[in-house]
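Structure assessment
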2 protein chains.
Amino acid sequence: MTIQEIDPRITQTRAKALEAALMLIRDCGIGQVTHQSVSAKSGISRSTLYRHWPEVSDLLNDAFVLVSKPPISEFVSQGSLKADLYHLLSGLVSAIQNTEWGKIVPQLIAAAAVNKGSADLLHEFVQERLEVAEQIILAARRRGEYNSDITPENFLILIIAPVYYRFLLAGFPIDDDWIEGHVNSVSPLFKNRSR
Amino acid sequence: MTIQEIDPRITQTRAKALEAALMLIRDCGIGQVTHQSVSAKSGISRSTLYRHWPEVSDLLNDAFVLVSKPPISEFVSQGSLKADLYHLLSGLVSAIQNTEWGKIVPQLIAAAAVNKGSADLLHEFVQERLEVAEQIILAARRRGEYNSDITPENFLILIIAPVYYRFLLAGFPIDDDWIEGHVNSVSPLFKNRSR
DNA sequence: TCACTATGCAACAGATTGTTCTATAAGTTA
DNA sequence: TAACTTATAGAACAATCTGTTGCATAGTGA
């Protein structure tokens, strides 16, 4: 009952090909991803690519899986709700502006609109992130900092959504000052109870 | 000095081809839009399509222009800020759920990420809509209903962004109850002044 | 060492792409 | 109406791309 060893050649081929695919997705969009273009970019032969991924959609899916499963860091409170929210948004903005994620997510959104597999992947990713971020609100509630009719989920979306809106739709810049102002803007909602 | 008459054959060809292109974008994504597929869907011959749009990107661009220039309705206040915001979101959600716009915008976002022309188009569209919606806030301010440090633009994004987030990223449903709850959630901000 | 198998390469038929030419039909002008 | 101008459809084409296969090679595990 030994553990199944995986041929390192397969691992290498997959890694190289998916990295090339991600570069193509990022720079040219999913429409430019073909067995041929991935072969040219990765050095993997076309026949090998067909053997691993008979359809381009299989390749795209694996590439999206790769980028939508980043490590989720443990929640450590910064001490206050405002500080935690600022920290959350800083991380998000940094991921969007300085990592592959920012370049890939628009393509994943487009893929999700026409492909159920991609949609499931994207929604699962977002759901997972929301659940992690919910710890922020629950911790604040325990400290008595958060006491609102707004559900943690809706409140988090209120915080996070403008970042994506500015980035994906408006093309507005996002800097530390804006993040700080944004957190301050919503802070009156921490304790308001609407009726 | 007569007005230049446009050959109706050209107008027809363009209309038919762009309609077909939009259907392909909506159903299959921009990657599936080719002169051939548009020809098959529209009945326009391939050679004619090449004459009108030498590159696929030209065709895509014209299609996106078509869909991103919808008529902007005059602002008529519903009487209160809450009612105006509810009205604004209802219209947006309806456009997203019941018209082409909802199916096309994910593709336009993806195109914008790799193509400056598409990006300009999208950002201009969003900017224009924000400016129209700003009338809501300005009217509320005149009535004394809105008095906040949050700029009208930032406030509107706070209102609008969660709709797009739920639709594009989370895949969450959006119904009238949610819209109403959302407007109520942010209503404490109408008059709050943060410090 | 030996069996196994993933890879690269060449070759291939079939489809797609981009271009050009010609006949025809539709539009415009007088 | 007749004479013109022009847009389109269709065919044909070389070039490229797609998907598949067979085979030699080289890396892997026992």
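Cut-offs used in this document
Residues numbered from 1 in each chain as written. Chains lettered and ligands numbered in written order. Predicted model: local features only at pLDDT ≥ 70, side-chain atom pairs only at ≥ 80, totals over all residues. Heavy atoms only, no water. Near = heavy atom within 4 Å. Polar contact = N/O pair within 3.5 Å; in protein donor to acceptor, adjacent residues only side chain to side chain. Helix = DSSP H or I, 4+ residues; strand = E, 2+ residues; numbered from the N terminus. Nonpolar A, V, L, I, M, F, W, Y, C, P; charged D, E, K, R; others polar. Expected span 1.5 Å × (residues − 1). Buried < 20%, exposed > 50% of the residue type's maximum accessible area, 1.4 Å probe, protein only. Arc of directions from axis to C-beta. Contact = heavy atoms within 4.5 Å. Axes fitted to C-alpha atoms, helices over the stretch in contact; angles between N-to-C directions. Parallel < 35°, antiparallel > 145°, perpendicular 65-115°, else oblique. Lys, Arg positive; Asp, Glu negative; His and termini not counted. Salt bridge = Lys/Arg side-chain N within 4 Å of Asp/Glu carboxyl O. Domains from an automatic or database assignment. Buried area = accessible area lost by both parts, 1.4 Å probe.

Attention now moves to the protein's contact with DNA strand C. Lining the immediate surroundings of DNA strand C are 21 residues, of which T13, S47, R51 and H52 of chain A together with R46 of chain B lie closest. Close to the protein, within 4 Å, the atoms of DNA strand C belong to sugar or phosphate groups at a rate of 59%. In this structure, a phosphate oxygen belonging to DNA strand C sits 3.2 Å away from a main-chain N or O atom of R9 of chain A. Take H52 of chain A: an N or O atom from its side chain is 2.7 Å from a phosphate oxygen of DNA strand C. Elements supplying a minimum of two residues to the surface near DNA strand C: α1 (8-28) and α3 (46-52) of chain A together with α1 (8-28), α2 (35-42) and α3 (46-52) of chain B. At 5 residues, α3 of chain A tops the list of elements feeding residues into the surface near DNA strand C. The residue inventory of the surface near DNA strand C, partitioned by class, reads 4 nonpolar, 10 polar and 7 charged.

Next up on the list: helix α5 (residues 81-98) of chain A. Since there are 3.6 residues in each turn of an α-helix, residues three or four apart along the chain are aligned in direction. Residues and elements named next belong to chain A. Here α5 contains 18 residues, and its C-alpha end-to-end distance of 25 Å stays within 8% of the 26 Å for a straight helix at 1.5 Å per residue. Taken residue by residue, α5 has L81, D84, L85, L89, L92, V93 and I96 as its buried positions. What you see down the axis of α5 is that its buried residues fit within an arc of 160°, all on one side. Tucked inside the fold, the buried residues of α5 contact α6 (100-114), α7 (116-142), α8 (152-170) and α9 (176-186).

What follows deals with the packing of α7 of chain A against α8 of chain A. All names here are of chain A. Remark: α7 packs on α8, axes separated minimally by 9 Å, with the N-to-C direction vectors making an angle of 110°. Relative to α8, α7 is oriented roughly perpendicular. Each of Q127, L130, A133, E134, I137 and R141 in α7 lies in contact with α8, whose residues at this interface are P152, E153, F155, L156, I157 and I160. Classifying every residue of the contact of α7 with α8 by side-chain character gives 8 nonpolar, 1 polar and 3 charged.

Our focus in this paragraph is the side chain of R166 of chain A. Relative to the helices and strands, R166 of chain A is located in helix α8. Among buried Asp, Glu, Lys and Arg side chains, R166 of chain A stands out as unpaired, with E153 of chain B the closest opposite charge at 4.7 Å. Once residues lying within four places of it in the same chain are set aside, the contact partners of R166 of chain A are G171, F172, P173, I174 and W178 of chain A together with N154 and I157 of chain B.

Here the focus is the protein's contact with DNA strand D. Not every one of the 22 residues close to DNA strand D is listed here, only the nearest: R46 of chain A together with T13, S45, R51 and H52 of chain B. Expressed as a percentage, the sugar and phosphate content of the atoms of DNA strand D within 4 Å of the protein is 59%. A distance of 2.9 Å is found between a phosphate oxygen of DNA strand D and a side-chain nitrogen or oxygen belonging to Y50 of chain A. Counting residues per element, the ones that place at least two in the surface near DNA strand D are α1, α2 (35-42) and α3 of chain A together with α1 and α3 of chain B. No other element matches α3 of chain B, which puts 5 residues into the surface near DNA strand D. Each residue belonging to the surface near DNA strand D can be placed in one class, and the counts come to 4 nonpolar, 10 polar and 8 charged.

On to the domain arrangement of chain A, then. Residues and elements named next belong to chain A. Domains assigned within chain A are domain 1 (8-67) and domain 2 (81-189). Facing 9 residues of domain 1, the contacting portion of domain 2 comprises 10 residues. The largest contributions to the domain 1 side of the interface with domain 2 come from R26, F64 and V67, which together make up 58% of the buried area. Counting the contacts that link domain 1 with domain 2 gives 1 salt bridge. Salt-bridge contacts for E100 lead to R26; the nearest nitrogen and oxygen are separated by 3.1 Å. Looking at the side of domain 1 that touches domain 2 element by element, the count peaks at 4 residues for helix α4 (residues 56-67). Of the residues contributing to the side of domain 1 that touches domain 2, the split by class is 6 nonpolar, 2 polar and 1 charged.

A few words on the interface of chain A and chain B. Taken together, the contact between chain A and chain B spans 43 residues of the former and 42 residues of the latter. Approximately 3,500 Å² of surface area, both sides summed, lies buried where chain A meets chain B, with 71% of it carried by carbon and sulfur atoms. It is Y165, L169 and F172 of chain A that lose the most area in chain A upon contact with chain B, and together they represent 18% of the buried surface on that side. Linking chain A with chain B are 0 salt bridges.

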